[in-house]
Structures are given as C-alpha cells and as structure tokens.
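So the chains spell out like this:
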Amino acid sequence: MATAIPPGLLDRLWLYTNLHCNLRCRYCLAESGPRAMRARLEWPAFQALVDQAASLGFRQVALTGGEPFLHPHILELLRSSAGRRAGDTAPPARPAQPAESGPRESRGRGS
Ligand code: SF4
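It should be emphasised that the depicted structure is a prediction, and the values quoted were computed from it without experimental measurement. (Residues numbered from 1 in each chain as written. Predicted model: local features only at pLDDT ≥ 70, side-chain atom pairs only at ≥ 80, totals over all residues.)

K.L.:
So, helix H2 (residues 74-82): which residues are in play, and what are the values?
P.N.:
Taken as a whole, H2 has its buried residues at Ile 74, Glu 76, Leu 77, Ser 80 and Ser 81. One face of H2 carries all of its buried residues, which in axial projection span an arc of 160°. In the core, the buried residues of H2 are packed alongside helix H1 (43-56) and strand S2 (60-64). (Buried ≥ 20, exposed ≤ 12 C-beta atoms within 10 Å, placed from the backbone. Helix = DSSP H or I, 4+ residues; strand = E, 2+ residues; numbered from the N terminus. Arc of directions from axis to C-beta. Contact = placed C-beta atoms within 7 Å.)

The structure is reproduced here in structure tokens:
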C-alpha cells in the first residue's frame, strides 16, 4: 500500500500552549511578550491533537509558546501526553485538574 507521507517524516508535533510570555526578547520568533494575546490551547483541543498525532505515528510532542509554563494547566497537559505512544488510539482518562497549577505569572521587563 502506498503512503502519501513517508514514514518518519511526521515525527514531532509542535504545539503552542499559549501565546504570551513574561519576557519580551527582541529576537522572539513568536512575537510574544507580556502584552501578547492571552489565547491558550485548552485541554480538549490539546488532547484531540495528541490523539490524532499518536494515531498517525508521531513519536514526540513538543510544547512551545509564548512561555508554556504560564499556561495554568501545563502540568496536566504534560501528564496527559507523557504516556502516549505512536499508534495509540485510545486517549487516557483526563488527569485531575488542580485548582491552580503552574507558577504565578510574573511581570517581565517593560510591563
Ligand atoms: S517566548 Fe518569551 S522567552 Fe521565548 S523568545 Fe519569546 S519573549 Fe523570549
């Protein structure tokens, strides 16, 4: 059977967990910073993307932003994706959602 995408090409899925950052680096490719849009990837969408990636054979999930550790549920996202394997079709149960996870947001320079 022919495949449209050669095996191994889709190895790593990059996901932006959120767009803002507590820093404001001049070289930032994401144009992030304290005043960037507060959009973030919520758990259901994150899980759906990880599920699709696993079923397609992706072997790694990389999280970026903005600053991923400003996402209020970053530990939940990490836990839910850490045990997945390429070829998995059944998602894990949603981990318990703590009231507040991750560090408090700090103000970066210039804010
Ligand atoms: S995401 Fe934040 S820490 Fe990373 S380059 Fe952009 S401003 Fe700097």
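Continuing now.
K.L.:
Please provide a residue-by-residue account of unusual backbone geometry, values included.
P.N.:
The phi torsion at Glu 31 lies on the positive side, around 50°, for a residue other than glycine. With respect to the element layout, Glu 31 can be found in the loop between strand S1 (12-16) and H1. Under the C-beta neighbour-count criterion, Glu 31 is labelled exposed, with 10 such atoms within 10 Å.

K.L.:
Could you give an account of H1, naming the residues involved and the relevant values?
P.N.:
In a regular helix each residue adds 1.5 Å, so 14 residues correspond to 20 Å; H1 covers 20 Å between its end C-alpha atoms and thus fits that length. Listing the buried residues of H1 in full gives Phe 46, Val 50, Ala 53 and Ala 54. On an axial view of H1, the arc spanned by its buried residues comes to 100°, and they lie on one face. Counted as exposed and oriented over 90 degrees from the buried face of H1: Pro 44, Ala 45, Ala 48, Gln 52 and Leu 56. Among the structural elements, S1, S2 and H2 are those in contact with the buried residues of H1. Looking at the residues trailing H1, positive phi occurs at Gly 57, about 100°. (Expected span 1.5 Å × (residues − 1).)

K.L.:
Requested: an account of the site of the ligand, with residues and values cited.
P.N.:
Every residue lining the ligand is accounted for by Cys 21, Leu 23, Arg 24, Cys 25, Cys 28, Ala 30, Ser 32, Gly 33, Gly 65, Gly 66 and Glu 67. Within the shell around the ligand, the residues separate by chemical class into five nonpolar, four polar and two charged. (Near = placed C-beta within 6 Å. Nonpolar A, V, L, I, M, F, W, Y, C, P; charged D, E, K, R; others polar.)

K.L.:
I'd love a proper account of the packing of H1 against H2, names of residues and values included.
P.N.:
Put simply, H1 and H2 touch, their axes get as near as 11 Å, and they point 25° apart. Considering the angle they form, H1 stands roughly parallel to H2. The way H1 lies across H2 gives a crossing that is right-handed. Of H2, the residues touching H1 (which contributes Trp 43, Phe 46, Gln 47 and Val 50) are Glu 76, Leu 77, Ser 80 and Ser 81. (Axes fitted to C-alpha atoms, helices over the stretch in contact; angles between N-to-C directions. Parallel < 35°, antiparallel > 145°, perpendicular 65-115°, else oblique. Left-handed = near helix turned anticlockwise from the far one by under 90°.)

K.L.:
Tell me about the nonpolar core, and name the residues and values.
P.N.:
In terms of nonpolar packing, the biggest core is built from eight residues, these being Leu 41, Phe 46, Val 50, Ala 53, Ala 54, Val 61, Ile 74 and Leu 77. If you list the elements that add at least two residues to this core, you get H1 and H2. The greatest single-element share of this core, amounting to four residues, is contributed by H1. Here Ala 54 is in contact with Arg 84, Arg 85, Ala 86, Gly 87 and Asp 88, once residues within four sequence places are set aside. (Core = buried A, V, L, I, M, F, W, Y, C linked by C-beta atoms within 7 Å.)

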